[in-house]
Amino acid sequence: MPNILVGSQIFDLAFHPTSDVVYTGLLNGKVKAFTYDEQGAHSAAFDLRISKRSCRGLALSPDGSSLYAVGKNRTLHIIDTSTGIVSETRQGVHDAPINRVVHPTPHLLATGDDDGVIKVRDLMPMLSLTMMYGSVWVQLWDPRKQDATHTYTQHFDFISDFMWLQDKKQLVATSGDGTLSVMDVRSKKSEPFAHSEDQEDELLSIVPFKGGTKVAVGTQLGIISIFNRNKGWGDCVDRVPGHPHSVDALCALPSTYPSSHNTILTGSSDGLLRVIELLPTRLVGVIADHGDFPIERIAIDRGGEGRWVGSAGHDEVLRMTDLREVLDDEDERAEAEAEDGAGDEERDASDDEEPAEVPLPLTKTGTAEEDSGDEEKEADEKSSGDESDVPKPNKRRKNEKGDLKGRPPKRGKNQVDVDPSFFSGL
């Protein structure tokens, strides 16, 4: 598992959609890019300081030609990825530090700040239309215009994450105020299309699953809230407990995996990167460990369809995990269990047939015909029962419902092991 040292805390990361390049936004205001290969070997591509303040968010254009960087200085920086040079800077695009940025379509860019304002911009060139609703601002940017085309203010706390619904052309935002909102960027209205009820917890991350019909939302208390799009956005329909700490980052698996429709990656503040199956819920495994440092960003290369998943936290290290090494084994194990189960059914069915029709198992030193003439050996096999050479499938223990911790319980600070005989003379 290759680790890329970056020299500062990573706030955000982004993979190039077609090349083996990863970009990191750092606490010291730098944007660092690294190239990597199939074996995980990496080298620095460019090191660019865009601000004296932190770079909190990164987003690549769909073709990978431009990298959009935002941060505490309330400025939008556009970087040419081929040269590593800032091609354009737009200052004061928000009144508060910018926390997140997303570039879902070639002509649409959305940013969210610490005050809950979302701005949407049309990027070819960049029109300004500010809309107020409540006390929080959301602004949509048209890259073709210099100013935001839409500004939404339905939230009153920081914008934590974005999700784009391609089928409806809608933008979903989660906020620290405990709600999520859905905005139709084609509408000229200043109000969002939908706004959920207060979930009584900070909403930190969001990802679709089940073919986009359901949405998983990570929260501060470690619960994953499930929203069903067919039942509206008013309230969650289910809650999945189990994470011991906050779920700061969520990511979908590549569609090439058979279980991708209901399996996601979760990054938690306990430092573990987990693979979780939802509905039904099961902890598949832990694929990366950042120790005592929280995981705040995770992403998969090649537009979410690659083999490398990057995870970043407070440890100044970008950890690259090969999904094929950790998940292909899981798929092979599942297939082996399915084959073993089918073999058990065949053996059970054969027990109900006439004894003469039951084929004897082949041994390493003889054939079935040779063994059939040995009555004593046949009698021994019948009497031995469970001592057959046929291997039995190993049944894996399933996690108890809601057990997603992934680590064994720690020894208590004041726990002492005492020999029971110590108390016999008291």
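Quick caveat: nothing in here was measured; it's all calculated off a predicted structure.

1. A short note on the confidence of the model for the protein
- When pLDDT is averaged along the protein, the result is 82, and 72% of the positions lie at 70 or above.
- Within the model, pLDDT remains below 50 along residues 349-373, and this stretch shows 13 contacts once partners closer than five positions in the same chain are excluded.
- Here residues 381-398 scores under 50 on pLDDT; set against residues more than four positions off or in separate chains, the count is 10 contacts.

2. What about the pattern of salt bridges?
- Counting across every chain of the model gives 16 salt bridges.
- A salt bridge links E38 to R307; its shortest N-O distance comes to 2.3 Å.
- Its relative accessible area of 43% is what places E38 among the partly exposed residues.
- One network of salt bridges, with partners in common, ties together D12, R100, D161 and R297.

3. Considerations on the packing of aromatic side chains
- Enumeration over the complete set of coordinates arrives at 3 aromatic pairs.
- On the basis of an interplanar angle of 40 degrees and a centroid distance of 6.0 Å, the ring pair of Y23 and F46 is categorised as tilted. Here Y23 is found in strand 3 (residues 21-26), whereas its partner F46 is found in strand 5 (residues 42-49), with 23 residues between them in sequence.
- Judged by relative accessible area, Y23 falls into the buried class, the value being 2%.

4. Some points on the side chain of Q154
- Checked against the element boundaries, Q154 lands in the loop between strand 14 (150-152) and strand 15 (159-165).
- Overall, Q154 belongs to the buried group, its relative accessible area being 7%.
- Here the side chain of Q154 touches S181 through a polar contact of 2.8 Å, side chain to side chain.

5. Considerations on a negative patch on the surface
- A surface patch of like charges, here negative, comprises E197, D198, E200 and D235.
- As for its placement among the helices and strands, E197 is situated in the loop between strand 18 (194-195) and strand 19 (203-209).

6. Observations concerning the sheet that holds strand 23 (residues 247-252)
- Taking strand neighbours across the sheet as the criterion, the 4 strands line up as 23-24-25-26 in an open arrangement whose pairing is antiparallel. Since the sheet does not close on itself, it has two edges, and those belong to strand 23 and strand 26 (282-289), each with one partner. Ignoring which end each strand starts from, the neighbouring axes of this sheet average 25 degrees apart.
- In terms of strand pairing, strand 25 (residues 272-277) meets strand 26 through 6 bridges, oriented antiparallel. Pairing of R274 across the sheet is with V286, part of strand 26.

7. A short note on the side chain of T263
- By secondary structure assignment, the location of T263 is in strand 24 (residues 263-268).
- Within the local environment of T263, its side chain forms a polar contact with the backbone oxygen of S259, the two atoms lying 2.7 Å apart.
- Not counting the four nearest positions on each side in its chain, T263 is found in contact with L253, V275, I276 and E277.

Conventions we followed
- Residues numbered from 1 in each chain as written.
- Predicted model: local features only at pLDDT ≥ 70, side-chain atom pairs only at ≥ 80, totals over all residues.
- Heavy atoms only, no water.
- pLDDT = per-residue confidence, 0-100.
- Contact = heavy atoms within 4.5 Å.
- Salt bridge = Lys/Arg side-chain N within 4 Å of Asp/Glu carboxyl O.
- Buried < 20%, exposed > 50% of the residue type's maximum accessible area, 1.4 Å probe, protein only.
- Phe/Tyr/Trp six-rings, centres within 6.5 Å; stacked < 30°, edge-to-face > 60°.
- Helix = DSSP H or I, 4+ residues; strand = E, 2+ residues; numbered from the N terminus.
- Polar contact = N/O pair within 3.5 Å; in protein donor to acceptor, adjacent residues only side chain to side chain.
- Patch = residues over 30% accessible without salt bridge, like charges linked within 9 Å, V, L, I, M, F, W, Y side chains within 5 Å.
- Areas by Shrake-Rupley, 256 points an atom, 1.4 Å probe, with all protein chains shown as cover.
- Lys, Arg positive; Asp, Glu negative; His and termini not counted.
- Charge placed at Lys NZ, Arg CZ, Asp CG, Glu CD.
- Pairing = 2+ DSSP bridges.
- Axes fitted to C-alpha atoms, helices over the stretch in contact; angles between N-to-C directions.

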